[in-house]
Amino acid sequence: MEFKDYYDIMGLQRDATQDEIRRVYRKLARKYHPDVSQEADAEDRFKQVGEAYEVLKDPEKRAAYDQLGSQWQAGEDFHPPPGWEGGFERAGARDDFAGGSFSDFFESLYGRAHAQAGAGHGDGQGFRMRGQDHHARIIVDLQDSYRGSKRSISLQMPDLSPDGHVTTRRRTLNIRIPKGIRQGQQIRLAGQGGASLGGADAGDLYLEIEFGQMGQYRVEGADVYLDLPIAPWEAALGATMEVPTPAGAVELKIPPNSRAGQKLRLKGRGLPSKQAGDLYVVLQIALPPADNEQHQQVYEQMRDSFEFNPRAGMEK
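Residues numbered from 1 in each chain as written. Predicted model: local features only at pLDDT ≥ 70, side-chain atom pairs only at ≥ 80, totals over all residues. Heavy atoms only, no water.

Caption draft 1: How the structure looks around the packing of helix H2 (residues 18–32) against helix H3 (residues 42–56). At a minimum axis separation of 9 Å, H2 and H3 run at an interaxial angle of 165 degrees. As summarised for this structure, H2 and H3 are arranged roughly antiparallel, according to the angle between their axes. Relative to H3, the crossing made by H2 is left-handed. Facing H2, whose interface residues are Gln-18, Ile-21, Arg-22, Tyr-25, Leu-28, Ala-29 and Tyr-32, H3 presents Ala-42, Arg-45, Phe-46, Val-49, Gly-50, Tyr-53 and Leu-56. Looking at side-chain class alone, the contact of H2 with H3 contains 10 nonpolar, 2 polar and 2 charged residues. (Axes fitted to C-alpha atoms, helices over the stretch in contact; angles between N-to-C directions. Helix = DSSP H or I, 4+ residues; strand = E, 2+ residues; numbered from the N terminus. Parallel < 35°, antiparallel > 145°, perpendicular 65-115°, else oblique. Left-handed = near helix turned anticlockwise from the far one by under 90°. Contact = heavy atoms within 4.5 Å. Nonpolar A, V, L, I, M, F, W, Y, C, P; charged D, E, K, R; others polar.)

The structure is reproduced here in C-alpha cells:
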C-alpha cells in the first residue's frame, strides 16, 4: 500500500488555510465531476480529490495526517504507525464521490466506519489517535545524581493550532531528578508529550540525562573517577590527605611506593543506587619544576643517589 500525498493531489501547499482547501476542492470537483468532465481519468481523479478533501477539511484528521507527512513520501510503502485507534463516523454525510469508495490507504488510517454509516451501522466512535511521544535532552550536575534535586526546565514543544497545523510553544516544567540517575538514562513524564486527537491519551515526554561540565571527575556507568595529583615524595613515602568527591571531602591514605596511574578504590562512593558505584582515585605524580639552582641541585642529588632507570626492560 502506497502513501498518498493529499496536498499534492489537490495542488496545495502544506500550510494552506481551510478556506483555500474548500475553494480548491470546489474548483476541482467541478472540473472532474464524471457527469460534466471530458477528461479520460475524470472519475478516478474525482475520487482522489474527494478523498483528499475528506481528510484536509477536518482539522483533527488533517493534523494526524500532517504528522505522517514527516515520515513518508508519496508512493512509498506505507503501514499505519503505532497509536492509531479505530475510525470515525460519517453518519448523515453527503456522498459526493462516484461509487462512494475510499482507498485502502484512507481506510488503514481512518477505519471503515464511513462505509457502515450509510447503512446505519455507525458505532458512534470518533477518530482517535494517541499523542506522539516527545524526547529531549537535559543537562544536570553530577552532584544532582548524588543527592537528587528539583529543576525547572523550559522546552519548545510541538502543539496543534485551531486549524490543525503543528506549531511550537514554550513550556515550563518542574521536574524531579532522582537520586542515583546515570548519564543516558531517561525520565518519563506521562502525558506530557504530544496532544492527542479525538480524546485519546496524550503522549509521554522522555528526558535523557546528560551530565554537564564535571571538572576533575569523569563517569563510567555508576563509577566515578578522579585524577589526583600527588608529589613524588607523597607517592614514595605515603601520605594521608583530604580529597574532594561529589558528596564532599574524604580522607584518603596514599600507600608508600605508589605508582603513577595506580587506582585507589573508595567503595560505594560512586553514583548512589541499590548497588552504589565506586569512586576511583587515579594517582598522577606531579613533578616540581627545576626552576632555580637550588632545585636543580636537588634533582642532581637524586640522580646521583638512585640507581634508577625508568626505561629498564624496554627492547632496543
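There's plenty left to go through after this.
Caption draft 2: Looking closely at the sheet that holds strand S3 (residues 134–140). Strands sit in the order S3-S7-S6 across an open sheet of 3 strands; the sheet is mixed. The open sheet terminates on both sides in strands that have one partner only, identified here as S3 and strand S6 (186–189). Neighbour to neighbour, the strand axes of the sheet diverge by 25 degrees on average, direction disregarded. In this sheet, strand S7 (residues 205–211) lies alongside S3 in parallel orientation, the contact comprising 7 bridges. Residue pairing across strands places Ile-138 opposite Ile-209, the latter belonging to S7. (Pairing = 2+ DSSP bridges.)

Caption draft 3: Broad picture of the pairing of strand S9 (residues 223–230). With 4 bridges connecting them, strand S8 (residues 217–220) and S9 associate as antiparallel partners. In the sheet register, Tyr-217 faces S9, and the bridge partner there is Leu-226. Hairpin connection from S8 to S9: 2 residues lie between these consecutive antiparallel strands, with Gly-221 at a positive phi of about 65 degrees. The sheet contact formed by S9 and strand S13 (residues 279–285) spans 7 bridges and is parallel. Paired with Leu-228 across the strands is Leu-283, a residue of S13.

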